[in-house]
Every structure is written in structure tokens, then in C-alpha cells.
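Residue strings, one per chain:
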Amino acid sequence: MRYAEKLQQRISEVGSRLCVGIDPRPELSGGVDEVPEFLRRVVGETAAYAAAFKPNMAYFEAMGLRGIEMLQEMLQEMPKEVPVILDAKRSDIGETQKYYAKSYFENWNVDAVTLNPFLGYDSIEPFLDWEGKGIYLLAVTSNAGSADFQRQKLADGRFVFELVQELGKRAISESRATDVGYVVGLTNASEEVLERIADSPLLIPGLGAQGGDLASLEGKKRTAPDVVNVSRGITYKDMDKSFAEKAKAWSEQLAV
Ligand SMILES: O=c1ccn([C@@H]2O[C@H](COP(=O)(O)O)[C@@H](O)[C@H]2O)c(=O)[nH]1
């Protein structure tokens, strides 16, 4: 089964596009030693509402070797029916990317990863021949600096983020096994952006703490298995509520 099919199946099962972001902050979770239990609770309580999970490598790397071990332990224990998108945003020459692809898709066996497309097609190629796997290329990120490059116009009138999508189109034209989607930040998902975004799987961060407005997505005729990520809005907000209650509330807002 292709990655996009697996994700669509999960969206249908849970009836929602909620992607639960997992970004542990030891200083807010009782210290590094408490993080494994925090992760078990987040995963355990939110899985029933999650179309996908999205751990971000940065938060695990920041805890050193122990953080990497925690990520590995969490990945091993995660329910297999929930696709995992590892937010790694890697970018390097193709020779090095081969090893990132092996690490994420073979050793850690995640379903999808985020990649930075700045180095071009040969830099994403090592990720393209993996059955059942997906990559999300950064197209329009949720930060203000997305205007610096991604939303600049070229001489021919196209935006730079449209060039990013040429990489995905090429992968489709070559019938590659890996599905290619895009990161589009909710905070920057204007009409002008969305009308130029392909009907490929989108990972949409920016809901909750970053203040993105779901109304931006309304009325779009999209068929791809898009997911909308909420991290702090579940794990570090309204701490009087359980993770399950917060995930349920977001999942209802993202009902399909
Ligand atoms: O454009 C992007 C790409 C990735 N992210 C990541 O998503 C989560 C968002 O966390 P919140 O707490 O819900 O704001 C985080 O891991 C970011 O690094 C993004 O926000 N925007």
C-alpha cells in the first residue's frame, strides 16, 4: 500500500485530519527523566484521535543521546495503525541523503519524513524508491521568513514554492514508489498560495500556538490526504485538561 493510501485510510478511520505533534520540552515536563512517561501518556491518550503523529527531531536531539534513545523507544511502542511523520527537515548532497533515508525509513521505519528541498532533485532522490513511504518538501513554511524565499516571485511569474512542486511532479512522472507531499503552514495559507498548491498530501502546521486559522482551508476542492498538525496546543496548553480531551477537541475541529 502506498503512503498516501495508508494515511487516507487512517483519516477515514478516525474521521479527522488531526496530526498530533510530539515536541517534548523537559523544562515543562518535570525534567529529562520524566520525558519517557510524558511521551507514553501523550501517545496513549491521543492515538484514538490521531490521523498521524509528528515527532520533531530537534526536541529529541536537544536531550542528547538519551533523547535519541527516547525517540527510538517511542517509535517502537507507537501503534502501528497510526502513520508517523518524522519532522527532520533534512537536506544534503545525495550521497549523504542516502544514509538519512536508510536511517529513517529502514532503521526507524517511520512512514514519512520532512525534507528541505533547497539542494534540488538529486538531494531528494535517495528517498524516492521506498514502497509505502512518503516525504514532505518544505514549500510554504509557517514562519514569517517564508516570505524571504518561498513566496518570492520569479521572472516568469511563478513563486519559488511552485518550483518546489516541480520536484514532486518529476517524481510522479518517473513513477517513483515514494509519495511526495508538501509542508504548507496554516499561517501562510492564503488564497494566492492554496490555489497554486498541488492536490498532493499536505502537512499543515501552525494551528494552535501559532494562531493559524482553519477558515483558510474551507471550500478548497482537495482530494489528497492532508493533515493539520497541533503540537503545543495538545501537549503544553490548558494543563488542567488531559491530552485526550485536547486531542478530541482538535480532532472535532478537523473532522472530515
Ligand atoms: O512550517 C513549519 C514546519 C514545521 N513546523 C513544526 O511543526 C510543529 C508546530 O508546533 P506547534 O507547537 O503546534 O506550533 C513544530 O514541531 C514545528 O517545528 C512548523 O511549525 N512550521
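Structure report, in brief. (Residues numbered from 1 in each chain as written. Predicted model: local features only at pLDDT ≥ 70, side-chain atom pairs only at ≥ 80, totals over all residues. Heavy atoms only, no water.)

### Focus: a nonpolar patch on the surface
1) Next: There is a patch of nonpolar side chains on the surface, built from Ile-93, Phe-118 and Leu-119 and spanning about 340 Å² of accessible area.
2) Next: Following the sequence through the fold, Phe-118 ends up in the loop between strand 4 (112-115) and helix 6 (121-124).
3) Next: Residue classification places Phe-118 among the exposed positions, given a relative accessible area of 67%. (Patch = residues over 30% accessible without salt bridge, like charges linked within 9 Å, V, L, I, M, F, W, Y side chains within 5 Å. Areas by Shrake-Rupley, 256 points an atom, 1.4 Å probe, with all protein chains shown as cover. Salt bridge = Lys/Arg side-chain N within 4 Å of Asp/Glu carboxyl O. Helix = DSSP H or I, 4+ residues; strand = E, 2+ residues; numbered from the N terminus. Buried < 20%, exposed > 50% of the residue type's maximum accessible area, 1.4 Å probe, protein only.)

### Focus on the environment of Glu-166
1) Next: Tracing the backbone through its elements, the reader meets Glu-166 in helix 7 (residues 160-173).
2) Next: When the C-alpha atoms of Glu-166 and Val-180 are compared, they prove to be 11 Å apart, with 14 residues separating the residues in sequence.

### Regarding the sheet that holds strand 8 (residues 227-230)
Each strand in a sheet pairs with its neighbour through backbone hydrogen bonds, running either in the same direction (parallel) or in the opposite one (antiparallel).
1) Next: Read from one edge to the other, the open sheet built from eight strands follows the order 2-1-8-7-6-5-4-3, with strand pairing classed as parallel. Of all the strands in the sheet, just strand 2 (52-55) and strand 3 (85-90) have a single pairing partner and so form its edges. When the angles between neighbouring strand axes are averaged without regard to direction, this sheet yields 30 degrees.
2) Next: Both strand 3 and strand 4 contribute to a ladder of three bridges, which runs parallel. (Pairing = 2+ DSSP bridges. Axes fitted to C-alpha atoms, helices over the stretch in contact; angles between N-to-C directions.)

### Re the side chain of Gln-97
1) Next: As for its placement among the helices and strands, Gln-97 is situated in helix 5 (residues 94-107).
2) Next: Only 3.5 Å separates the side chain of Gln-97 from the backbone nitrogen of Asp-92, close enough to count as a polar contact.
3) Next: With residues near it in sequence (within four places) discarded, Gln-97 still touches Arg-90, Ser-91, Asp-92, Leu-115, Ser-123, Pro-126 and Phe-127. (Polar contact = N/O pair within 3.5 Å; in protein donor to acceptor, adjacent residues only side chain to side chain. Contact = heavy atoms within 4.5 Å.)

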